[in-house]
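Given next are the chains, with one letter for each unit.
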Amino acid sequence: MAHGKTTGDFEKTPGWLDWYEGPSKPTFRLPAGAVDAHCHVFGPGAEFPYAPERKYTPCDASAEELFALRDHLGFDRNVIVQATCHGADNRALVDALRRSEGRARGVATVRRDVTEEQLAELHEAGVRGVRFNFVKRLVDRVPTDSLEEIVEKIAPLGWHVVIYFEAADLPDLYDFFSAIKTDVVVDHMGRPDVTKDPDGPEFELFLRFMRENPNVWTKVSCPERLSVTGPRALDGEQHAYTDVVPFARRVVEEFPDRVLWGTDWPHPNLKDHMPDDGLLVDYIPQIATTAELQQRLLVDNPHRLYWPEGA
Ligand SMILES: O=C(O)c1cc(C(=O)O)oc(=O)c1
């Protein structure tokens with residue numbers, strides 16, 4: 001029998017790390033109106049089955065559990081991003097958005113044959129973007145002409161495109177990404193290899209991509225995923241993931257109006273450890289070092305992108 005948290009009738013991927021039970025209260029006090037701009041819901045599998053084409057099977061992580069974490073950490077709102085284990089079946093996401101009472105927006109995954117009616121329904125539920133994933137261990141590659149067709153369909157709704165890729169793939173994808181006319185949000189800083197020099201050519205290409213394309217934003221999230229030498233956000237550690245700090249800080253300081261931050265709860269596919277989400281929040285002042293930068297990162301920027309109407 002599988003141990004830990006459940007996943008309906010599904011069997012979790014071997015070695016799966018469940019999300020952290022009982023996170024600490026952050027020492028860092030989030031500003032009023034702070035948004036956790038990257039998190040997911042998984043299932044519950046018994047109600048919202050995982051997609052047949054998925055590359056992993058997680059433990060369940062429900063909307064109620066997400067909203068309890070939001071309140072515990074001191075966030076006001078969430079942006080829930082469709083996880084690849086649900087493919088293009090957005091039912092769990094839409095259900096979570098509806099339960100949030102306007103306190104969550106969503107980023108969905110759609111296929112090229114999505115209809116205007118389906119997009120309108122997603123919009124009504126709170127979806128404001130679509131996600132294109134280029135990480136090979138998570139999805140099969142979708143041809144770029146399909147993606148271009150999706151951009152044409154979502155642009156009139158004022159939506160944006162969230163892209164997830166690894167730094168080594170940016171040279172090949174650079175021109176395709178630069179041609180997207182909507183706003184573009186890069187997940188997890190384009191996954192830099194933090195053993196490399198933050199002033200070196202690989203990260204410089206990412207910074208150039210942001211400089212040349214003023215419609216591109218990025219999430220300075222997932223230090224727990226990118227870190228190699230830690231220390232980990234566990235056991236009261238107040239200065240976690242110092243190896244990621246120079247990368248994230250650089251981006252926050254150069255593009256203060258185009259950065260977002262999210263917990264990435266429930267942290268799919270971590271192999272090394274599961275962070276204490278309270279201590280993950282305590283990482284934020286290492287990368288946004290003034291109250292003004294924190295206000296933009298956590299409040300002003302996500303509100304401008306996801307709640308432009310000011311509600
Ligand atoms: O690196 C990952 O494994 C990962 C996976 C997913 C997903 O499966 O949607 O989302 C993320 O933000 C990160």
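The name recorded for the chain in an unreviewed UniProt entry is Amidohydrolase family protein, from Sinomonas flava.

Trainee: I tried to follow the site of the ligand on my own but got confused; where do I start?
Mentor: Contacts to the ligand come from 16 residues, most closely from Tyr56, Thr84, Arg131, Arg137 and Tyr164. Here an oxygen atom of the ligand sits 3.4 Å away from a polar atom, N or O, in the side chain of Asp264. Considered on its own, the ligand offers 330 Å² of accessible surface; in the complex 100% of this is hidden by protein. Put simply, the ligand lies in the largest cavity.

Trainee: How should I be thinking about the packing of helix H5 (residues 170-178) against helix H6 (residues 201-212) in this particular structure?
Mentor: The geometry of a pair of packed helices is captured by two quantities: the angle between their axes and the separation between those axes. The N-to-C vectors of H5 and H6 enclose an angle of 5°; their axes lie 11 Å apart at closest approach. With respect to each other, H5 and H6 are oriented roughly parallel. Every residue of H6 that contacts H5 at Leu170, Pro171, Tyr174, Phe177 and Ser178 is listed here: Leu205, Phe206, Arg208, Phe209 and Glu212. Within the contact of H5 with H6, the residues separate by chemical class into 7 nonpolar, 1 polar and 2 charged.

Trainee: Honestly, the nonpolar core in this entry has me stumped. Any pointers?
Mentor: One broad trend across soluble globular proteins is that nonpolar side chains are buried collectively. Of all hydrophobic cores here, the largest spans 92 residues; its most connected members are Ile80, Phe177, Met189, Val220, Val251 and Trp261. Membership of the second largest hydrophobic core comes to 12 residues, among which are Val79, Val81, Val185 and Leu260.

Trainee: Whenever I open this one, empty space enclosed by the protein confuses me. Can you help?
Mentor: In this approach the atoms are scanned with a rolling probe the size of a water molecule, which exposes any empty space left behind. A full pass over the atoms with the stated rule returns 3 cavities of 30 Å³ or more. Taken as a whole, the second largest cavity holds about 50 Å³ of empty space. Around the second largest cavity sit Phe165, Ala167, Leu170, Met189, Gly190, Pro192, Glu202, Phe203 and Phe206, which together line it. Classifying every residue of the lining of the second largest cavity gives 7 nonpolar, 1 polar and 1 charged.

Trainee: Whenever I open this one, the environment of Val299 confuses me. Can you help?
Mentor: Take Val299: it is sitting in helix H11 (residues 291-306). Relative accessible area serves as the criterion here: at 8%, Val299 is assigned to the buried category. Separated by 265 residues in the primary sequence, Val299 and Ala34 have C-alpha atoms spaced 4.8 Å apart. When residues no more than four places from it in sequence are discounted, the contact partners of Val299 are Pro31, Ala32, Gly33, Ala34 and Gln294.

Trainee: Looking at this structure, how should I read the sheet that holds strand E3 (residues 104-108)?
Mentor: One key point about sheets: their strands pair by backbone hydrogen bonds, in either a parallel or an antiparallel sense. One open sheet accounts for 8 strands, arranged E1-E2-E3-E4-E5-E6-E7-E8; its pairing is parallel. Two strands lie at the open edges of the sheet, namely strand E1 (35-39) and strand E8 (259-260), each paired on one side alone. Bridging between E3 and strand E4 (residues 127-133) involves 3 bridges; their strand directions are parallel. Note on E4: the bridge partner recorded for Val107 is Gly129. Across the sheet, H6 touches strand E6 (184-186) and strand E7 (216-219), and the angle it forms with E7 is around 135°.

Calculation notes
- Residues numbered from 1 in each chain as written.
- Predicted model: local features only at pLDDT ≥ 70, side-chain atom pairs only at ≥ 80, totals over all residues.
- Heavy atoms only, no water.
- Near = heavy atom within 4 Å.
- Polar contact = N/O pair within 3.5 Å; in protein donor to acceptor, adjacent residues only side chain to side chain.
- Areas by Shrake-Rupley, 256 points an atom, 1.4 Å probe, with all protein chains shown as cover.
- 1 Å grid on protein atoms, 1.4 Å probe; cavity = no way out; pocket = protein on both sides within 12 Å on 5 of 7 lines; lining within 4 Å.
- Sits in = over half its atoms within 2 Å of the grid points.
- Axes fitted to C-alpha atoms, helices over the stretch in contact; angles between N-to-C directions.
- Helix = DSSP H or I, 4+ residues; strand = E, 2+ residues; numbered from the N terminus.
- Parallel < 35°, antiparallel > 145°, perpendicular 65-115°, else oblique.
- Contact = heavy atoms within 4.5 Å.
- Nonpolar A, V, L, I, M, F, W, Y, C, P; charged D, E, K, R; others polar.
- Core = buried A, V, L, I, M, F, W, Y, C linked by side-chain atoms within 4.5 Å.
- Buried < 20%, exposed > 50% of the residue type's maximum accessible area, 1.4 Å probe, protein only.
- Points joined across faces, edges and corners; volume = space filled by probe spheres on them.
- Pairing = 2+ DSSP bridges.

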